[in-house]
Amino acid sequence: MRIIVFATQKGGCGKSTLAINLALAAQEAGERTAILDLDLRKSVLRWASKRTSRAPPARSVPLPRLKAMLAALAKRGTSLTVIDTPPIESQISLAAIKAADFCIVPARPALFDIWASEVTARKLKLMDKSFAFLLNQCPSGHNDSAMKCAIHALTAAGPLLSPFIRTRADFLEASRMGRGVTEIHPNGPAAREIRALWSEIDRRLRRCRAALPGKTLNR
């Protein structure tokens, strides 16, 4: 089983929405997915309560049971677990990161988000974890100066995933319905971005698994 953790120094960057939609895109691509909601706000569980389908299963788990839960998911044949976490200082976030094959650090193209992401990256490097940044809630203008500054700052601190995820109404609509963007508008731009993002992450996960023991893949 492969484990992806959304890790961040601060909230408000859309990590719960990203975790949900990435898990659904992976499921669509053939993965047997599960989502663990470790965040105190329980956004993923609230989304799941609106959902008519039981797949992917969404669960909350306390710190003492995290290791056992991951082992149980693997035993049940889960091929991918996506974990939504609280800020990185919490003990349960650190435990999830230690178990991760790959960490995603989401950030909006805003100064405070970039600063927080740089701090998160330093901590992940100290933990010797494979990670990449993901720009989320990006404006539609391709020449936006904030985007250029964000791209420059993040690529100086670590790898940056592609594509960037832009601000789109489909994310709000899908969350409200307990669904994902690939489910409500399968051919829409939001769905295409999320599918492309999963393809990129899947490639990185495969490279991580192929890396020699003791090596990380931060570049």
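What counts, and at which threshold
Residues numbered from 1 in each chain as written. Predicted model: local features only at pLDDT ≥ 70, side-chain atom pairs only at ≥ 80, totals over all residues. Heavy atoms only, no water. Helix = DSSP H or I, 4+ residues; strand = E, 2+ residues; numbered from the N terminus. Rg over C-alpha atoms; globule rule 2.2 N^0.38 Å. Buried < 20%, exposed > 50% of the residue type's maximum accessible area, 1.4 Å probe, protein only. Contact = heavy atoms within 4.5 Å. Polar contact = N/O pair within 3.5 Å; in protein donor to acceptor, adjacent residues only side chain to side chain. Pairing = 2+ DSSP bridges. Disulfide = S-S within 2.5 Å. pLDDT = per-residue confidence, 0-100.

Caption draft 1: Representation of the overall build of the protein chain in the model. Looking only at helices and strands, one finds 9 helices and 6 strands in the protein chain. Against the globule reference of 17 Å for 219 residues, the protein chain gives a C-alpha radius of gyration of 16 Å, in line with a compact fold. Here the protein chain holds 219 residues, and the buried ones make up 50% of them. Within the protein chain, counting contacts between residues at least 6 apart in sequence, those at least 24 apart form 75% of the total.

Caption draft 2: Inspection of the side chain of N21 at higher detail. Counting through the fold element by element, N21 comes out in helix α1 (residues 15–28). For N21, the side chain forms a polar contact with the main-chain nitrogen of V181, separated by 2.8 Å. Contact partners of N21, with chain neighbours within four places excluded, come to F171, G180, V181 and I194.

Caption draft 3: How the structure looks around the pairing of strand β6 (residues 131–135). Taking burial as the measure, the 5 residues of β6 include 5 buried ones, the bulk of the element. The alternating pattern of β6 places F131, F133 and L135 and A132 and L134 on opposite faces, both of which are buried. Examined bridge by bridge, strand β5 (residues 102–107) and β6 share 5 bridges and lie parallel to one another. Opposite A107, over in β6, you have L135 as the bridge partner.

Caption draft 4: Here's a closer look at the state of the cysteines. Inspection of the entire model under this criterion finds 0 disulfides. The thiol of C138 is unpaired, and the distance to the nearest cysteine sulfur, on C13, comes to 12 Å. The exposure class assigned to C138 is buried, which follows from its relative accessible area of 0%.

Caption draft 5: Main features of the confidence of the model for the protein chain. For the protein chain, per-residue confidence averages 92 on the pLDDT scale, and 95% of positions sit at 70 or higher. Note that pLDDT drops below 50 for residues 215–219; the model gives that stretch 20 contacts with residues more than four away or on any other chain.

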